[in-house]
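A look at the structure
Okay, here's what each chain looks like letter by letter:
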Amino acid sequence: MRSKNEVIDTIAETCIAVRLRLLNRVVTGFYDEALRPLGLKVSQLNILVVTAKLGVARPAKVCQILQLDVSTLSRNVERIRARGWLEVLPGEDARTQFFQLTPEGRRLIQKAVPAWERAQCQASELLGREGIALLNRTTQKVGGRRTAR
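Residues numbered from 1 in each chain as written. Predicted model: local features only at pLDDT ≥ 70, side-chain atom pairs only at ≥ 80, totals over all residues. Heavy atoms only, no water.

1. Examining the overall build of the protein
Applicable threshold: Secondary structure elements follow DSSP: runs of H or I no shorter than four residues count as helices, runs of E no shorter than two count as strands, and numbering proceeds from the N terminus. Each residue is placed in one exposure class: buried if its accessible area under a 1.4 Å probe, protein chains only, is under 20% of its type's maximum, exposed if it is over 50%, and partly exposed if it falls in between. Whether two residues are in contact is decided by their heavy atoms, any of which lying within 4.5 Å being enough. Shrake-Rupley sampling with a 1.4 Å probe provides the accessible areas, and residues are treated as covered by the protein chains on show and by no other component. In this tally, Lys and Arg are treated as positive and Asp and Glu as negative; His is ignored, and so are the chain termini. To locate a charge, the coordinates of NZ of Lys, CZ of Arg, CG of Asp or CD of Glu are taken.
A tally of helices and strands in the protein yields six helices and two strands. When the helices and strands of the protein are placed in sequence order, the string is α-α-α-α-α-β-β-α. When its C-alpha atoms are laid out on the principal axes, the protein stretches across 60 × 35 × 25 Å. The buried share of the protein, reckoned over its 149 residues, is 26%. Considering only contacts within the protein whose residues lie at least 6 apart along the sequence, 50% involve residues at least 24 apart. For the protein, the accessible surface area stands at approximately 10,600 Å², while carbon and sulfur atoms represent 55% of it. Placing the 25 positive and 14 negative side-chain charges of the protein at their respective mean positions leaves the two points 3 Å apart.

2. Regarding the environment of E78
With respect to the helices and strands, E78 occurs in helix α5 (residues 70-82). Between the alpha carbons of E78 and Q122 there is a distance of 30 Å; along the sequence they are 44 residues apart.

3. Describing the packing of helix α3 (residues 42-54) against helix α4 (residues 59-66)
When two helices pack together, you describe them by how their axes are tilted relative to each other and by the distance separating the axes. Just so we agree on the cut-off: Helix axes are fitted only over the stretch in contact, all axes being lines through C-alpha atoms; the angle between N-to-C directions runs from 0 to 180 degrees. Put simply, angles under 35 degrees are roughly parallel, angles over 145 are roughly antiparallel, angles from 65 to 115 are roughly perpendicular, and the rest are oblique. In this scheme the crossing of two helices becomes right-handed for a clockwise turn of the near helix relative to the far one and left-handed for an anticlockwise turn of less than a right angle. Charged means Asp, Glu, Lys or Arg here, nonpolar means Ala, Val, Leu, Ile, Met, Phe, Trp, Tyr, Cys or Pro, and polar covers whatever is left, Gly included.
Taken N-terminus to C-terminus, the directions of α3 and α4 make an angle of 120°; their axes are 11 Å apart at the nearest point. What the angle tells us is that α3 and α4 run oblique. The interaxial crossing formed by α3 with α4 has right-handed handedness. Mapping the contact onto sequence places N46, I47, V50 and L54 in α3 and K61, V62, I65 and L66 in α4. Grouping the amino acids of the contact of α3 with α4 by side-chain chemistry returns six nonpolar, one polar and one charged.

4. Overview of the side chain of T51
Quick reminder of the rule: Polar contact is defined as a pair of N or O atoms within 3.5 Å, subject to the rule that within protein one atom must be able to donate a hydrogen and the other to accept it, and that residues adjacent in sequence are counted only when both atoms are side-chain atoms.
Among the secondary structure elements, T51 is positioned in helix α3. Judged by relative accessible area, which is 0%, T51 ranks as buried. Polar contacts involving the side chain of T51 include one to the main-chain carbonyl oxygen of I47, which spans 2.7 Å. Not counting residues up to four positions away in its chain, the partners in contact with T51 are A57, L86, F99, Q100 and L101.

5. With respect to the layout of surface pockets
Under the convention used in this document: Only protein atoms enter the 1 Å grid, on which a cavity is a set of points fitting a 1.4 Å probe that cannot get out and a pocket is an open set with protein on both sides within 12 Å along at least 5 of 7 lines, lining residues being those with an atom within 4 Å of a point. Grid points are joined across faces, edges and corners, and a volume is the space filled by probe spheres set on the points.
One number sums up the size of the second largest pocket: a volume of about 220 Å³. Surrounding the second largest pocket, 13 residues form its lining, P59, S74, V77, Q97 and F99 being those nearest its centre. Grouping the amino acids of the lining of the second largest pocket by side-chain chemistry returns seven nonpolar, three polar and three charged.

6. Some remarks on a nonpolar patch on the surface
What counts here: The residues that make up patches have over 30% relative accessible area and no salt bridge, and they are joined within 9 Å when like-charged or within 5 Å when they are Val, Leu, Ile, Met, Phe, Trp or Tyr. What counts as a salt bridge is simple: a side-chain nitrogen of Lys or Arg found within 4 Å of a carboxyl oxygen of Asp or Glu.
Taken together, the side chains of I16, L20, L22, L23, V26 and L126 define a hydrophobic patch exposed on the protein surface, amounting to about 530 Å² of accessible area. Residue contributions to the nonpolar patch peak at five residues, all from helix α2 (residues 16-35).

7. Quick look at the pattern of salt bridges
One pass over the structure, following the stated rule, counts three salt bridges. We note a salt bridge from E33 to R36, for which the minimum N-O separation is 2.2 Å. E78 is the salt-bridge partner of R81, the closest N and O atoms lying 2.5 Å from each other. With R81 and E78 both in helix α5 and three residues apart, this pair spans about one turn of that helix. Judged by its relative accessible area of 33%, R81 is partly exposed.

Shown next as structure tokens:
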């Protein structure tokens, strides 16, 4: 039987979740820093891009694509809507609200491209060709439709 310290050391040194969360924070930081002058975060850009692809977005579909919980999506949609980048459309009933990009939202995505490309280069340099290939294979295993390039 392992001692408490051995167990703690094992978890601290080998936990995949901890290392993935660290990597996620670092990579997200690249994108958020690059997009900051536009008043945008990468999580918001992802919602805008998915919405653009869908045309009229249902919250459940966006949550499924981005693997977000409803409260996280709602919070972000409200912030994005307040900036004028999304508009909420009336749904079939009060509980169902669809949303779509505004013209300002479409322009913002285009304006964000150079910043996104800079962050994409930073992330690519950090991960390297092999890391990106592994990321692509792994996201395909869990049903991710999008892959890093």
